[in-house]
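So the chains spell out like this:
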Amino acid sequence: MRLDKYLKVARIIKRRTVANDACDTEHVEVNGRRAKASYDVKVGDVISVTFGERTLNIRVLEVRDSVAKADASSMYEVIE
């Protein structure tokens, strides 16, 4: 699954276009490297998303095409 779509499906970023823009402006890293929106997300990847002063680090636990809002947080775990 594409990185921008994963961020949207997991509800980390609200819209796919916003996720795509975040990748284009280098606010998203995967496994310590800047990632394009077309990056293929795999289980075990560590994704870092920068929101202004705050950075969210997550580990991908599963990749699914669609998920209910209540179950979206089960697709990843937050890393401190």
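Residues numbered from 1 in each chain as written. Predicted model: local features only at pLDDT ≥ 70, side-chain atom pairs only at ≥ 80, totals over all residues. Heavy atoms only, no water.

A. Structural detail: the confidence of the model for the protein chain. Here the protein chain averages 94 in pLDDT, while 100% of its residues score no lower than 70. Across the protein chain, the element-wise mean pLDDT spans from 94 in helix α2 (residues 16-24) up to 96 in strand β1 (residues 28-30). (pLDDT = per-residue confidence, 0-100. Helix = DSSP H or I, 4+ residues; strand = E, 2+ residues; numbered from the N terminus.)

B. Local environment of the sheet that holds strand β4 (residues 54-60). The five strands lie next to each other as β2-β1-β3-β4-β5, forming an open sheet whose pairing is antiparallel. Each having just a single partner strand, β2 (33-34) and β5 (76-79) make up the two edges of the open sheet. Of the strand pairs in this sheet, β1 and strand β3 (residues 46-51) are connected by three bridges, and their pairing is antiparallel. Within the sheet, the bridge partner assigned to Val30 lies in β3 and is Ile47. (Pairing = 2+ DSSP bridges.)

C. Representation of the environment of Asp24. Examined against the element boundaries, Asp24 turns out to sit in helix α2. Take Asp24: its relative accessible area is 56%, and that puts it in the exposed class. In sequence terms Asp24 and Arg34 are 10 residues apart; their C-alpha atoms lie 9.5 Å from each other. (Buried < 20%, exposed > 50% of the residue type's maximum accessible area, 1.4 Å probe, protein only.)

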